[in-house]
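Examining the three-dimensional arrangement
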Amino acid sequence: MEKSRSRITMATNTFSPEEIQRILGSLQSPAVFLNMTCDWPVLLWTVDYLSRCLAGKTVRFRMGRRQHNNTPLFETQCSYVEAKLEEFLSWTEGHTGAEDVGSFSDYPLSQFWAYADYKYIALLLQDKPSMFEDIVWSQFGFPGRNGRDSTLWIGTDGASTPCHLDTYGYNLVLQVQGRKRWHLFPPADTGCLYPTRIPYEESSVFSQVDVLQPDLERFPSFRNARAHTVTLQPGQVLFVPRHWWHFVECVDPVTVSVNSWIELEVDDEARVGEALTKAIVCALKTAPSKDNDDDWLNPTEDGLLGHDVNMQYLSLAMEACTVRGHHDRQHEDIPAGVGPGSKRDSTGQAKNASPSNPPAQGSSSPFNVPFGPHLVAVTRNRIGKLETTEQHPEDKDGQAPIREGHMIRPGSGTQRSRPGSGGRAWDQHGGGGVACSSPASDPPLSPGPEFGGGGKPSPVDRDQGEGREAHRRAVSITTNQLLECLVHPEVIARVTELLLERQGQTGPSQSNTAS
């Protein structure tokens, strides 16, 4: 097995690494690469195969109930078990005895799904480094990039990742076993997705909306969200552009996928925003308060740091951004494929401690993305309860839309055209437009009904005309509601801009007080 992995016979791919880099630098909407990974040994990584490779090593699984109550199931609401992959397989096959399924015996398969998500391969397979070479990202134009820079995801049908956007970089996802359905939304739809930083996770902005069964009374602007849905099959690679929202669900009994986050130079400024967000969230959520008794810290976070340390990280992030001068650049002129790396935190440290690769070079010359049988655009569609009688014969990008339930298969073709921006682009600081760019969009920063939003009069509006007594009534605002405004992506983007302007005026040595 070791020998067969080390002698990879490279197939003749449709696109060269240089061509893929040009494609990635031009794409601004999700797309799927087909027939690019046929010779990658990682396609052998079924759960059965991995269970033999791990030889009894336990893996942490997130357990979620198979229920639908119009609210997202965040990771803070799940249970967790440590189990072997062979126990996981026995559980998915219907076994129930503890001797066969271990810790899964407490979770009936009919009521729960399981997800081993976000597992860094560099750690999971650290005693089998030769397996890193099974993942050949070099064929996508990233020399030396392999499994060491990737994460592994193993789940059952129904397992899902809450709808969120990643603050840094873009994402390449390879489906290995089973299928996954991706529901993606452009950055300009941020206002339709009601962003929140509770639960808090570094570099992840969550949506308050259950995108499959949305509560449209509480989140009316979601009607205007432009879903792009695709079911990814084994061997296919999905490109998720920077700041695109995504909700991901496993649709087969057992699924395996591998992904790699590609860092961008423009992430330097986003790291300032993330450090700022962390300082604000931690300061407010650790303050003594009767409404601070919720599980607000995501299990993926290692723990809490003191305010002084958080402020030091903010100063360091600002220093790095100022020195490199990225905040003075016109970000929209920087191609999406520049500067690969791994997913990092606000300090700039790689979360999986893997080395970065040399930056790929973009091209400023005109380039038509070669859509066709080997590259398919994921275009707009309508999903679930949002289905209407309105017809959309052609997406705004000028491409025939792929409808929900349509799976991309090798050899399928689409119109060859250059993708559009998917709506109004986020501002250059990574914050994003709050209001959707749909004709029927709600006003910017429209909150939920707890703030008097949701299309209803605000508390201030209702008070008008009710007399002086009404104004004396106390309005109860929770810490989380306050944070929805304070760390809203657009607010963080503006404060980041102000901080960097101040940093530029005072100079690095004067403003950096970190010891």
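- Looking at an unreviewed UniProt entry, one finds the protein named JmjC domain-containing protein and attributed to Esox lucius.
- Turning to the protein, the UniProt annotation filed under Subcellular location (unreviewed entry) states: "Cytoplasm".
- Database annotation for the protein, UniProt heading Function (unreviewed entry): "May play a role in cellular stress response."

**Side note on the overall build of the protein**
- Within the protein, the regular secondary structure consists of 13 helices and 15 strands.
- Burial statistics for the protein: of 515 residues in total, 54% are counted as buried.
- By sequence separation, contacts in the protein at least 24 residues apart represent 80% of the contacts at least 6 residues apart.
- With the model as given, the accessible surface of the protein reaches about 22200 Å², and the carbon-plus-sulfur share is 50%.

**Description of the sheet that holds strand S9 (residues 195–201)**
- Ordered in space as S9-S10-S6-S13-S8-S11, the six strands form an open sheet in which the pairing is antiparallel. Every interior strand has two partners, whereas the edge strands, S9 and strand S11 (228–232), have only one. Neighbouring strand axes in the sheet, compared pairwise and without regard to direction, differ in orientation by 35 degrees on average.
- Inspection of the sheet shows strand S6 (residues 160–166) paired to strand S13 (residues 245–250) by three bridges, in the antiparallel sense.

**With respect to the sheet that holds strand S14 (residues 255–262)**
- Read from one edge to the other, the open sheet built from nine strands follows the order S3-S2-S4-S5-S14-S7-S12-S1-S15, with strand pairing classed as antiparallel. Looking at the sheet topology across the chains shown, the edges are occupied by strand S3 (79–84) and strand S15 (375–377). Adjacent strand axes in the sheet meet at a mean angle of 25 degrees, parallel and antiparallel pairs treated alike.
- Contacting strand S1 (31–33), strand S7 (170–177), strand S12 (237–240) and S15, helix H2 (residues 17–26) runs over the sheet at an angle of about 170 degrees to S1.
- In this fold helix H4 (residues 85–92) packs onto strand S2 (58–65), S3, strand S4 (112–120) and strand S5 (151–155), with an angle of close to 110 degrees to the strand it touches most, S3.

**Quick word on the packing of aromatic side chains**
- On inspection of all chains with the given rule, the structure shows 18 aromatic pairs.
- Taking 4.8 Å as the distance between ring centres and 15 degrees as the angle between the ring planes, the aromatic pair formed by Trp91 and Phe104 counts as stacked. Of this pair, Trp91 sits in helix H4 while Phe104 sits in the loop between helix H5 (98–101) and S4, placing them 13 residues apart in sequence.
- Trp91 sits in the buried class, given a relative accessible area of 2%.
- Classification of Phe104 by relative accessible area gives buried; the value is 0%.

**What about the nonpolar core?**
- Of all hydrophobic cores here, the largest spans 60 residues; its most connected members are Phe33, Trp45, Phe61, Phe104, Phe140 and Leu172.
- Looking at this core, the element that brings in the most residues is helix H3 (residues 47–54), giving five residues.
- Apart from the residues lying within four places of it in its own chain, the contact partners of Phe140 are Pro17, Ile20, Gln21, Leu24, Phe33, Met36, Trp40, Leu172 and Val237.

**Considerations on the packing of helix H7 (residues 267–285) against helix H11 (residues 479–486)**
- In contact at an axis separation of 11 Å, H7 and H11 are set at 165 degrees when each is read in the N-to-C sense. One way to sum up the angle between H7 and H11 is to call them roughly antiparallel. The two elements H7 and H11 meet at a crossing, and its hand is right-handed. Packed against H7, whose contacting residues are Ile280, Val281, Leu284 and Lys285, the element H11 presents Thr479, Asn480, Leu482, Leu483 and Leu486 at the interface.
- Taken together, the residues of the contact of H7 with H11 break down into six nonpolar, two polar and one charged.

Calculation rules
Residues numbered from 1 in each chain as written. Predicted model: local features only at pLDDT ≥ 70, side-chain atom pairs only at ≥ 80, totals over all residues. Heavy atoms only, no water. UniProt positions renumbered as here; feature names shortened; annotations may be inferred. Helix = DSSP H or I, 4+ residues; strand = E, 2+ residues; numbered from the N terminus. Buried < 20%, exposed > 50% of the residue type's maximum accessible area, 1.4 Å probe, protein only. Contact = heavy atoms within 4.5 Å. Areas by Shrake-Rupley, 256 points an atom, 1.4 Å probe, with all protein chains shown as cover. Pairing = 2+ DSSP bridges. Axes fitted to C-alpha atoms, helices over the stretch in contact; angles between N-to-C directions. Phe/Tyr/Trp six-rings, centres within 6.5 Å; stacked < 30°, edge-to-face > 60°. Core = buried A, V, L, I, M, F, W, Y, C linked by side-chain atoms within 4.5 Å. Parallel < 35°, antiparallel > 145°, perpendicular 65-115°, else oblique. Left-handed = near helix turned anticlockwise from the far one by under 90°. Nonpolar A, V, L, I, M, F, W, Y, C, P; charged D, E, K, R; others polar.

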